[in-house]
Amino acid sequence: MSEVDLSYLENPEVFAINVLKPTSSHKHYRHYEDLKNHQESFKQSLNGEWLFSYAPNPNMRNKTFYKAENVDYHDFKTIKVPGHIEMQGYGQMQYINTLYPWDGHEYLRPPYVSKTDNPVGSYICNFSIKPSLANKHIILRFEGVESAMNVYLNGHFVGYSEDSFTPSSFDITPYILSGTNKLAVEVFKHCSGSWLEDQDMWRFFGIFREVALYGLPDCYIEDVHVTTPLSDMYQKAKVNVALRMVGKDFHFKAKLMEDEDVVASYEGCDTNA
């Protein structure tokens, strides 16, 4: 799908393009000492000051800002990420009880959104990969973006997501450069998903949670599923740990805790990962 085709903003069947499948929200550490010191060496935060441009609707946005070269940034200012756009001086905060924001202004029916009142935030973050992530598989993760976004890296379309309040992750390994990288994100306030909930809520938009890069090691735990079924007398529990591991080689150990059973299982590593 073309990065300039915005028809999917009004297509309820398109809510994610190139978004990786969800996994557990556990953390990765290189050594046990890193865990004790709360140092995530495989993570690089992109939080901070980003270049930013605001437009009242998609037609008025800077349509070429994501390109790698020859882009005019004269109208770009700065904005803090994470943070809602309205809380930083752009647009209008909206509190809605039982009406939609466009009720009384435009006649709209699902899944269509306004062509004149649908603000867009265009973000740019220039970064270089830190040494501990160099030559690794790089994942870009947004913890929360409201309500729809296009993601570009070094002029390439990376993906699209509408899952506002759940993380969205993208594999950006093919587009990473050894020097400075240009991450561009355009965020739309309304999309087809804007019709799904509208009772007693504030309407904000923007990159409102953390953005980070993750450099995956040769072998790592991709997903963790823990269940704790109780005994019939509710006095003991069995801890079941299912791991999905990805990488070249791994050694797996399960420690049996005193007075409880630990049942561990895992899915084999993908040697092509």
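Keep in mind the model is a prediction, meaning the values are calculated, not measured.

Looking at the confidence of the model for the protein
Mean pLDDT over the protein stands at 88; residues scoring 70 or higher make up 89%. Considering only residues more than four positions removed or in separate chains, one finds that residues 254-260, a stretch of pLDDT under 50, has 7 contacts.

Topic: the nonpolar core
Judged by nonpolar contacts, the single largest core of 29 residues is most densely connected at Trp50, Tyr123, Phe142, Leu183 and Ile207. Of all the elements in the fold, those that place two or more residues in this core are β3 (48-55), β4 (77-81), β6 (120-128), β7 (137-142), β9 (148-153), β12 (180-188) and β15 (211-216). Leu183 has contacts with Leu46, Trp50, Tyr123, Ile124, Cys125, Phe127, Leu140, Val151, Tyr152 and Leu153, leaving out every residue within four places of it along the chain.

So, the sheet that holds strand β10 (residues 156-161)
Sheet strands line up and pair through hydrogen bonds in the backbone, either parallel or antiparallel. Spatially, the 7 strands line up as an open sheet ordered β1-β10-β9-β12-β6-β3-β4, and their pairing is antiparallel. Single-partner strands in this sheet number two, and they are β1 (16-17) and β4. As paired strands, β6 and β12 are joined by 9 bridges and run antiparallel to one another. Along β12, the bridge assignment pairs Ser128 with Thr180.

Topic: the packing of aromatic side chains
Applying the stated criterion across every chain, the model contains 18 aromatic pairs. Measuring from ring centre to ring centre gives 6.0 Å for Trp50 and Tyr123, while their planes differ by 90°; the resulting arrangement is edge-to-face. On the criterion of sequence distance, the pair formed by Trp50 in strand β3 and Tyr123 in strand β6 is long-range, its members being 73 residues apart. Note on Phe165 and Phe208: the rings are 5.3 Å apart at their centroids and 55° apart in plane angle, and the pair reads as tilted.

Re the pairing of β7
Counting buried positions over the 6 residues of β7 gives 5, a clear majority of the element. Alignment of β7 against β15, held across 6 bridges, turns out to be antiparallel. Of the residues in β15, the one forming a bridge with His137 is Leu216.

Notes on empty space enclosed by the protein
As enumerated under the stated definition, the model contains 1 cavity of 30 Å³ or more in all. Roughly 30 Å³ of internal volume is contained in the largest cavity. Every residue along the wall of the largest cavity is listed here: Phe142, Glu143, Gly144, Val145, Met149, Ser161, Asp163, Ser164, Thr166 and Ser168. Of the residues that constitute the lining of the largest cavity, the class distribution is 3 nonpolar, 5 polar and 2 charged.

Brief notes about the pattern of salt bridges
All told, the structure shown has 9 salt bridges when counted by the stated rule. Here Glu86 makes a salt bridge to Lys189, at a shortest N to O gap of 3.0 Å. Taken together, the residues span a long stretch of sequence, with Glu86 in the loop between β4 and β5 (94-96) and Lys189 in the loop between β12 and β13 (201-203) at a distance of 103 residues. Each member of the pair, Glu86 together with Lys189, is buried. Measuring nitrogen to oxygen at the nearest pair gives 2.7 Å for the salt bridge that ties Glu222 to Arg244. One end of the pair, Glu222, is in strand β16 (residues 219-227); the other, Arg244, is in strand β17 (residues 238-247), and 22 residues separate them in sequence. On the basis of relative accessible area, Arg244 is assigned to the buried category, the value being 17%. Each of Glu222, Asp223 and Arg244 takes part in a single network of salt bridges with overlapping partners.

The rules behind the values
For every chain, the first residue of the written sequence is number 1, and numbering continues from 1 along that sequence. Side-chain atom pairs in this predicted model are given and counted only at pLDDT of 80 or more, local residue features only at pLDDT of at least 70, and totals for whole chains, interfaces and linings cover all residues. Water and hydrogen atoms were dropped before computing side-chain values, which therefore reflect all heavy atoms in the structure. As a per-residue measure, pLDDT reflects the predictor's confidence and takes values from 0 up to 100. Only heavy atoms matter for contacts: two residues are in contact if any of them lie within 4.5 Å across the pair. As used here, the term nonpolar core means buried Ala, Val, Leu, Ile, Met, Phe, Trp, Tyr and Cys residues forming a set that is joined through side-chain atoms within 4.5 Å. Exposure classes here rest on a 1.4 Å probe applied to the protein chains alone. A residue is buried below 20% of its type maximum, exposed above 50%, and partly exposed in between. Starting at the N terminus, helices and strands are each numbered in turn, a helix being any DSSP run of H or I of at least four residues and a strand any DSSP run of E of at least two. Only strands joined by at least two bridges in the DSSP assignment are considered to pair. A pair of aromatic rings is counted whenever rings of Phe, Tyr or Trp (Trp by its six-membered ring) have centres within 6.5 Å, and the orientation is called stacked for planes under 30 degrees apart, edge-to-face for over 60 and tilted otherwise. Each cavity reported here is a set of points on a 1 Å grid over the protein atoms alone in which a 1.4 Å probe fits but cannot get out, each pocket an open set with protein on both sides within 12 Å along at least five of seven lines, and each lining residue one with an atom within 4 Å of a point. Grid points are joined across faces, edges and corners, and a volume is the space filled by probe spheres set on the points. Following the grouping adopted for this structure description, the nonpolar residues are Ala, Val, Leu, Ile, Met, Phe, Trp, Tyr, Cys and Pro, the charged ones are Asp, Glu, Lys and Arg, and the polar ones are all others, Gly among them. The rule for a salt bridge is simple: a side-chain nitrogen of Lys or Arg has to be within 4 Å of a carboxyl oxygen of Asp or Glu.

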